Protein chains: 2
Amino acid sequence: MTRLGDLFDQRLEVVNLGLESFASTLRQVGAPTVHVDWTPPLEVESNARGVVRANSERIAAANARALARILAGMPQLVGMGLARDVIPGLTEDTLLHAGPPISWERMCGPMRGAVVGALLYEGRSRTQQEAERLAASGTIRFAPCHEHAAVGPMAGVVSPSMPVFIVKNAEFGNLAFATMNEGLGKVLRYGAFGEDVVRRLHWMADVLYPVLARALARLGSMDLKNVIAQALHMGDEVHNRNRAATSLFFRLVAPAIARTSSGEDAGSVLEFIHSNDHFFLNLSMAASKATLDAARGIADSSVAVVMARNGTDFGVQLAGTGDAWFTGPAEVPDALYFPGFSKADANPDIGDSAITETNGLGGFAIAASPAIVQFVGGGPADAIRYTTQMYEITAGENTTYQIPGLDFRGTPTGIDVVKVVEKAVLPFIDTGVAHKEPGIGQVGAGVLNAPAQPFVRAYEGLARVLQGGAR
Amino acid sequence: MTRLGDLFDQRLEVVNLGLESFASTLRQVGAPTVHVDWTPPLEVESNARGVVRANSERIAAANARALARILAGMPQLVGMGLARDVIPGLTEDTLLHAGPPISWERMCGPMRGAVVGALLYEGRSRTQQEAERLAASGTIRFAPCHEHAAVGPMAGVVSPSMPVFIVKNAEFGNLAFATMNEGLGKVLRYGAFGEDVVRRLHWMADVLYPVLARALARLGSMDLKNVIAQALHMGDEVHNRNRAATSLFFRLVAPAIARTSSGEDAGSVLEFIHSNDHFFLNLSMAASKATLDAARGIADSSVAVVMARNGTDFGVQLAGTGDAWFTGPAEVPDALYFPGFSKADANPDIGDSAITETNGLGGFAIAASPAIVQFVGGGPADAIRYTTQMYEITAGENTTYQIPGLDFRGTPTGIDVVKVVEKAVLPFIDTGVAHKEPGIGQVGAGVLNAPAQPFVRAYEGLARVLQGGAR
C-alpha cells in the first residue's frame, strides 16, 4: 500500500490553491505545502465575464461614484406619519412586503400570516379565512417595500393604517420609511396574527405613534448616522444587536416624551421601547435604505443597493441596473433555535433587514459585535474573520462607521457584485428565523451567507446592460 | 575598534532578563538572544519578604476567601437619602473627602476648592475667604469617604445636605454611598466653587434628588451588577467611559420618572442625565465599594479593598490589615489635556474612583473599552496588553464581568499586593485630571500606573501583622 506521505519523501513542495483542507491533509502527511487562498469564481454565462472584464475601468469609476454617494449619506429621522399619507403610491388596496416581488400563491407561510394579520388590523377581514380569500382574490396589490422607498424586517408587511418613521437623507433629499418595531415573540413580522398581535398594532397606532410623533416634532430631527456610529462603538452591529442604538434613541427621545405627553402615556411608551432592544432595528434599516437609494441609477456600477428576501426568493438590485431584480431561492440560515424548535421548522431567510449589510452594517460589521457570533457558537476571532472577509467584496470602507476591535477601521461598504462573483465570496448576513407556518412567529436567530444565484444573475444583468448600451 | 557584534561571532547565545531594550540591541548586532520578561521585585524592608514568603500558603487561602466574597457581591441601588440622614457618623461639622486621611493644611488645590464649595453650598460661609478660614479653624472634621462607607470621584467632598445614592450589597447586607454626578466642566469634584457650581448643587438637591428618589422607590431596586456586566459588553470600563452604563440606567429609571413626576421636572431631570455620559460613574464606584467592603477584615489576606487618592497621597487598604492606610505621594497622570492646559497645570492623581480598578473594572477592564486608550494615543492592542498584564497581579478572574475582545474572559479581579511587589507590576488606572489650583476644574483625562510606595508599605504592613499575630 502506498501511503500519501510516501509520495513526498523527496522534498517535493506542493502549492495548494483553493480548499484549505487539502493543504491541511498534505501537511499532516509531511508534505511541505504552501497554501494559496483561492476559490474558483462563480460560474456565469459564457460571454458575461468577457463583457465585465472589458469594462472593468468603467465599472470601477462608477463604483467609486456609488461609494462616494453612500458614504456621503446623512440619514436623519425627521418625523412620522401614517403609511397611506406619506408613502408614495400606497393605495388603500396595497400591501407592501419584504424582498423582491412575489404573488400570494408563492408567498411563504410567515408572509401569508403577516398579510392575514394586516388585513385583520385594517378591518378588511374578520377571520383568517376571510383574509386569505381576500388576499387570493386579486383585489389586493402586493408590492415590495423597496419599490416604495420603504423597508420592513422579516415579512415586512406595511398596510395603509400603519404609522411609519420618516427618514430623510439630508445630503440628497430622498426619503425612506419603516414601521415601528413590535418587539419579540408573537409579532406580525414573524407571521403571527392572533388577537394580541392585532391589539398591539392598534396600541402602537393609537398611543405609541402620537407620543413618539410629538416628541420627534419637539426634537426637530435625529441624526441616525451619529447614533449608528456610536452604537458600533458599543457592541451593536445594528441588525441582530441593537441594544446600544435603542438605548441612545431612548435617551434622545425620553426627555421630549416626558415634556409632551401625560405621565401615563409617557410611562407606557418608555416601558414599551425599553422592553425591546430591537426597537432601533427598523430605524437602522430605514437609515440604510435612505443612504443606499441615493446610489441608485449610477450607470455601469456593480455596487448593490438592495439585498432583500421575501422568504421564498433572495433578491438583489444594483446601482447600475435600474429597477431590475436578480433573484434566486432563499436559504435556511444556521441558527440558534428556541427551545422546542429546529431547522426543520425554519422558513427560508426573509426580510428587508439585509439592507443593513448592503450598507456595511449587520454581518459586515459583526467584528463590532462578537456577542452575536458567540450566540451561534463562535467567538471574537470568528467575528473578526467574517468582517475581514467582507472587505474583499466591497468597494471601500466607511468613513463614519468604525469597528473598535479592528483599530477603528471603517466597515466594509458597498458590495461589489463583480468581486462577489470573481472571488466567490458571498455576503455574510445576520438574521432572525421565522417558523415556516403562518401564525407561529420567531423560532431562532442566526447567520448565513447569501445564496450565489442572485449575484450571478446580477453580474449577468450588468453585463447585458453594459453590452446593450452604446459602448 | 571592537564592535559589539564581534563579541558574538562564536554562536554564543545570550539570555536576557529584564529590559527588552537590551535584547533588541543584541539582536540588532546579530547575537542570538532569548528574552525572558523579568523585572526585579520592588524593594521592601529586609525581613518583610521572608515573613510573607513563609506565610505564602496562609495568604493564598485568605486571598481565595477574599476573592470569593468579592465575586459573590450583589450591589443593588436601593434608594436615596440626604448624607446627614443615611451616612453613619456624618455629623453636621463633618466633610468627607476622597483618598486617605488628610488635613486642611496638606490638601491640594482642587480639594480645597471643593471644600470651599461645599461650605458655600451648606450656607456655612458666604465667601471663599470665610470658607477657607472655617476650614482652617479646626471646627470642621475632615474624614475619608472610605471610612464612612462612601466614595467620591476626584475631590470626593460630601457634605451633610448632599443627596446620596444608597447601594446595598444584597449578598452580605453592607451599604455604600455616593453623591450624584454633576456633569463635566466647572464642577465641585474638580475643585470649582463658583455660583453656577453651587446653584447646580442646589438644583440637584431640590429637583434631581426627589425625582430620582421617587422613581427608584417605584422600581424597588436596580441590579447594578447586571448593568455593569452589560456595559462591559458595550464599550464601557465604567470608570472613564460610562456611556453605556448611563444609557442602561437611564432606560431603567425613565419610565418610572415619567410616571411619578410632572412633565417639566421629568423632562429636566432626563435632560440632565442624558447630557452627562458620566452619570453612572458614581454608581459604578458605589457598587465597587459595596462589593469590596464585604472583603474587609479577612485575616492574612493581601488583597486590596481600597485604592484611593486625595490629590496629595495615594492610599491602599488591604483585606488583611484592618483600617490601616498605606500611602505614598500621588503622581501626575499621562493625559490628554484640554486646549490651553498642559501637564504643568495638572494636580497629582485624585479621587476614590480607583475603587473601580480595585474591583477589576476601569483600567483593569480597559480591553473592553479601546476608545479610552485611543484617547491618549494608543489602540485596541494596547488596551488588551494593559488588561492582560493586570491578570498577573490579581487573585482571580471575575465570574460576571467579562471582556468581549478577550473571548469573554472575566476581568482581572482582586489586586494581590504580594504579586504587585514580587512582579513589580503596578495597577493600571484610568483617571480624570484636575487643575492644581482651586476653583478651575477639569483640565484633562488619562491613564497611569499607581505609585509603588503604597504597595511596598502595604506589603510591609501585612508582614508586620503576620509576624505580630500568634502565628
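Residues numbered from 1 in each chain as written. Chains lettered and ligands numbered in written order. Predicted model: local features only at pLDDT ≥ 70, side-chain atom pairs only at ≥ 80, totals over all residues. Heavy atoms only, no water.

### Description of the relation of the copies chain B and chain A
How we decide: In this comparison the copies share one frame, found by least squares on the C-alpha atoms of residues holding pLDDT of at least 70 in both. Any two residues whose heavy atoms approach within 4.5 Å at even a single point are treated as in contact.
Screw-axis analysis of chain B against chain A gives a translation of 0.0 Å along the axis, an RMSD of 0.0 Å, and a rotation angle of 180 degrees. As the rotation angle and translation indicate, the two copies are arranged about a two-fold axis. The rotation axis passes nearest to the C-alpha of M234 of chain B in chain B, at a distance of 2.0 Å. In this assembly, 100% of the residues forming the interface of chain B have copies in chain A that are likewise at the interface, indicating an isologous arrangement.

### Here's the deal with the layout of surface pockets
All names here are of chain A. Inclusion rule: The pocket and cavity definitions rest on a 1 Å grid over protein atoms only: a 1.4 Å probe that fits but cannot leave marks a cavity, an open set with protein on both sides within 12 Å along at least five of seven lines marks a pocket, and residues lining either have an atom within 4 Å of a point. Grid points are joined across faces, edges and corners, and a volume is the space filled by probe spheres set on the points. Helical segments are the DSSP runs of H or I of at least four residues, strand segments are the runs of E of at least two, and each set is numbered from the N terminus. Three categories are distinguished: nonpolar for Ala, Val, Leu, Ile, Met, Phe, Trp, Tyr, Cys and Pro, charged for Asp, Glu, Lys and Arg, and polar for the others, with Gly belonging to the last.
Reported here for the largest pocket is a volume of approximately 640 Å³. Forming the boundary of the largest pocket are 30 residues, of which L184, N240, R241, H278 and F375 lie nearest the centre. At three residues, the largest contribution of residues to the lining of the largest pocket is made by helix α13 (residues 370-375). In terms of residue class, the lining of the largest pocket is made up of 11 nonpolar, 15 polar and four charged.

### Focus on the packing of helix α5 (residues 109-121) of chain A against helix α6 (residues 128-136) of chain A
Residue and element names in this part refer to chain A. Formally: Helix axes are fitted to C-alpha atoms over the stretch in contact, other axes to C-alpha atoms as well, and angles between N-to-C directions run from 0 to 180 degrees. Every angle not falling under 35 degrees, over 145, or within 65 to 115 is termed oblique; those three ranges are roughly parallel, roughly antiparallel and roughly perpendicular.
Where α5 meets α6, the closest approach of the two axes is 9 Å, and the angle between their N-to-C directions is 105 degrees. Of the possible angle classes, the one that applies to α5 and α6 is roughly perpendicular. On α6, the residues that touch V115, V116 and L119 of α5 are Q128, A131, E132, L134 and A135.

### Some thoughts on the interface of chain B and chain A
Selection rule: A simple way to read buried area is as the amount of 1.4 Å-probe accessible surface that goes missing from two parts once joined, with both sides added. Counted as salt bridges are all cases of a side-chain nitrogen of Lys or Arg within 4 Å of a carboxyl oxygen of Asp or Glu. As used in this structure description, the phrase polar contact means that two N or O atoms lie within 3.5 Å; if the pair is within protein, one of them must be able to donate a hydrogen and the other to accept it, and residues adjacent in sequence are counted only when both atoms belong to side chains.
In this complex, chain B contributes 35 residues to the contact, which on the side of chain A involves 35 residues. Summing both sides of the interface, chain B and chain A together bury roughly 2,900 Å²; the carbon and sulfur share of this comes to 59%. A per-residue breakdown of the area chain B buries against chain A is headed by M234, R251 and R259 of chain B, which together make up 26% of the total. At the junction of chain B with chain A, the criterion picks out six salt bridges. R251 of chain B is paired through a salt bridge with D277 of chain A; the nearest N and O atoms lie 2.7 Å apart. Here chain B is connected to chain A by 14 residue pairs in polar contact (both at pLDDT 80 or more). Elements that contribute at least two residues to the side of chain B that touches chain A include exactly α9 (243-260), α10 (263-274) and α13 (370-375) of chain B. When grouped by side-chain class, the residues that make up the side of chain B that touches chain A number 16 nonpolar, 11 polar and eight charged.

### Describing the nonpolar core
Nonpolar side chains in soluble globular proteins tend to end up buried together. Convention followed: In this text, buried Ala, Val, Leu, Ile, Met, Phe, Trp, Tyr and Cys residues form a nonpolar core when linked through side-chain atoms within 4.5 Å. Think of it in three bands: residues with accessible area under 20% of the maximum for their type are buried, residues over 50% are exposed, and the middle band is partly exposed, with areas taken using a 1.4 Å probe on protein chains only.
Ranked by internal contacts, the top residues of the largest apolar core, which has 206 residues, are L212 and F249 of chain A together with L212 and F249 of chain B. Sequence-distant contacts of L212 of chain A, that is, excluding residues within four places in its chain, are made with M80, F165, M180, F249, V253, I257, I273 and F279 of chain A.

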